[in-house]
Amino acid sequence: MSSADEDGLQPGYDALAELYAATFPSPFSNTLQRHVIEAFVDHVRGSGVPGTVLDVGCGPGGVTAELAAAGLDVIGADPSTEMVRIARSSHPRLRFVLDDARLRSPELDDIDIAAIVARFSLIHVLPESVPGILHGWATRMRPGGVVLIAGQTTDAGEVVEFDHRVAPAWRWHPDRMAAALADAGFDEEWRTVKRADDSHRFAEFHLLAIRR
Ligand SMILES: C[S@@+](CC[C@H](N)C(=O)[O-])C[C@H]1O[C@@H](n2cnc3c(N)ncnc32)[C@H](O)[C@@H]1O
């Protein structure tokens, strides 16, 4: 079970979706975030794994659009009906599905998943539910498939809830996320950690892993 409700919907983001999209017209709030997505694209291309990239918790679809512009076949998925509405209207040529990280939508049943990016979306999943979600992804992906996860970090190797303004959220130390990924069948390839700054209260990690 995720922190989205029983139907997988995300009412917190529904209420603030317009504001979110207006506040973050670009999905990248620093240069590193853009470089990480560029590196992810290179990994997906280099993997040779056929299929579609899923942008899990895609929000208004900015990263989905960047991946499409880079030539990847991509679908954005988000449990917020408002986020999906905004993503569809901002990027009418791209495909967006109402779904959460559990990927239960029948629309995704027949999709071969080449790679998954989950930027600042798994932070909203109850920590005890994350291992099951990662296992679910692993069963849908072939060896060589790429996963990129981003979230706020903690200093020690822990997972702690924090006062996110929109929805319940947890900070993960990247070691903990790497361990959860390893248990699910993904080997860490690399990670980045960007320190906190004036506009980011917490350090942020990106972690790229490969389906073994
Ligand atoms: C901070 S926004 C990030 C949006 C986008 N990934 C980006 O990086 O710009 C978090 C997004 O996660 C979505 N979300 C919340 N709970 C989720 C869940 N259980 N599974 C997948 N996405 C979720 C929200 O609806 C929201 O659009």
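The structure we're discussing is the one just above.
One structure accompanies this document, and this report is about it. (Residues numbered from 1 in each chain as written. Predicted model: local features only at pLDDT ≥ 70, side-chain atom pairs only at ≥ 80, totals over all residues. Heavy atoms only, no water.)

### So, the pattern of salt bridges
Scanning the model with the defined rule gives 11 salt bridges in all. Note that Arg-191 is salt-bridged to Glu-188, the shortest N-O span being 2.8 Å. Judged by its relative accessible area of 33%, Glu-188 is partly exposed. The partner of Asp-197 in a salt bridge is Lys-194, with the nearest N and O atoms 3.3 Å apart. (Salt bridge = Lys/Arg side-chain N within 4 Å of Asp/Glu carboxyl O. Buried < 20%, exposed > 50% of the residue type's maximum accessible area, 1.4 Å probe, protein only.)

### Re the packing of aromatic side chains
Tallied over the full model, the rule gives three aromatic pairs. Their ring planes at 55° and their centres at 4.9 Å tell us that Tyr-20 and Phe-24 sit as a pair that is tilted. With a centroid separation of 5.3 Å and 75° between ring planes, the pair formed by Phe-162 and Phe-202 is classed as edge-to-face. Placement of Phe-162 in strand β6 (residues 159-162) and of Phe-202 in the loop between β8 (186-194) and β9 (204-211) is noted, with a sequence separation of 40 residues between them. Look at Phe-162 and you get buried, because its relative accessible area is 9%. Each member of the aromatic cluster is reached from another via a ring pair, and the members are Tyr-13, Tyr-20 and Phe-24. (Phe/Tyr/Trp six-rings, centres within 6.5 Å; stacked < 30°, edge-to-face > 60°. Helix = DSSP H or I, 4+ residues; strand = E, 2+ residues; numbered from the N terminus.)

### A look at the site of the ligand
The environment of the ligand is made up of 18 residues, and the closest members are Gly-57, Asp-78, Ala-101, Arg-119 and Phe-120. For the ligand, a nitrogen atom lies 2.6 Å from a polar atom in the backbone of Gly-57. Ala-101 places a polar main-chain atom, nitrogen or oxygen, 3.0 Å from a nitrogen atom of the ligand. Computed on the free molecule, the ligand has an accessible area of 590 Å², of which 96% lies beneath the protein chains in the complex. The residue inventory of the shell around the ligand, partitioned by class, reads eight nonpolar, seven polar and three charged. (Near = heavy atom within 4 Å. Polar contact = N/O pair within 3.5 Å; in protein donor to acceptor, adjacent residues only side chain to side chain. Areas by Shrake-Rupley, 256 points an atom, 1.4 Å probe, with all protein chains shown as cover. Nonpolar A, V, L, I, M, F, W, Y, C, P; charged D, E, K, R; others polar.)

### With respect to the sheet that holds strand β1 (residues 52-56)
If you walk across this open sheet you meet the seven strands as β3-β2-β1-β4-β5-β9-β8, and the pairing is mixed. Each edge of the open sheet is held by one strand with a lone partner, namely β3 (95-98) and β8. With strand direction ignored, the average angle separating the axes of adjacent strands in the sheet is 15°. Sheet topology note: the strand β5 (residues 141-152)/β9 ladder contains seven bridges and is antiparallel. From the neighbouring strand, Ile-149 faces β9, where its bridge partner is Leu-207. (Pairing = 2+ DSSP bridges. Axes fitted to C-alpha atoms, helices over the stretch in contact; angles between N-to-C directions.)

### Topic: the environment of Leu-134
For Leu-134, the position within the fold is in helix α5 (residues 130-140). What makes Leu-134 buried here is its relative accessible area of 0%. Sequence separation between Leu-134 and Ala-118 is 16 residues, and the spatial gap between their C-alpha atoms is 11 Å. Ignoring any residue separated from it by four or fewer positions in sequence, one finds Leu-134 in contact with Leu-122, Ile-149, Met-177, Ala-180, Leu-181, Ala-184 and Phe-186. (Contact = heavy atoms within 4.5 Å.)

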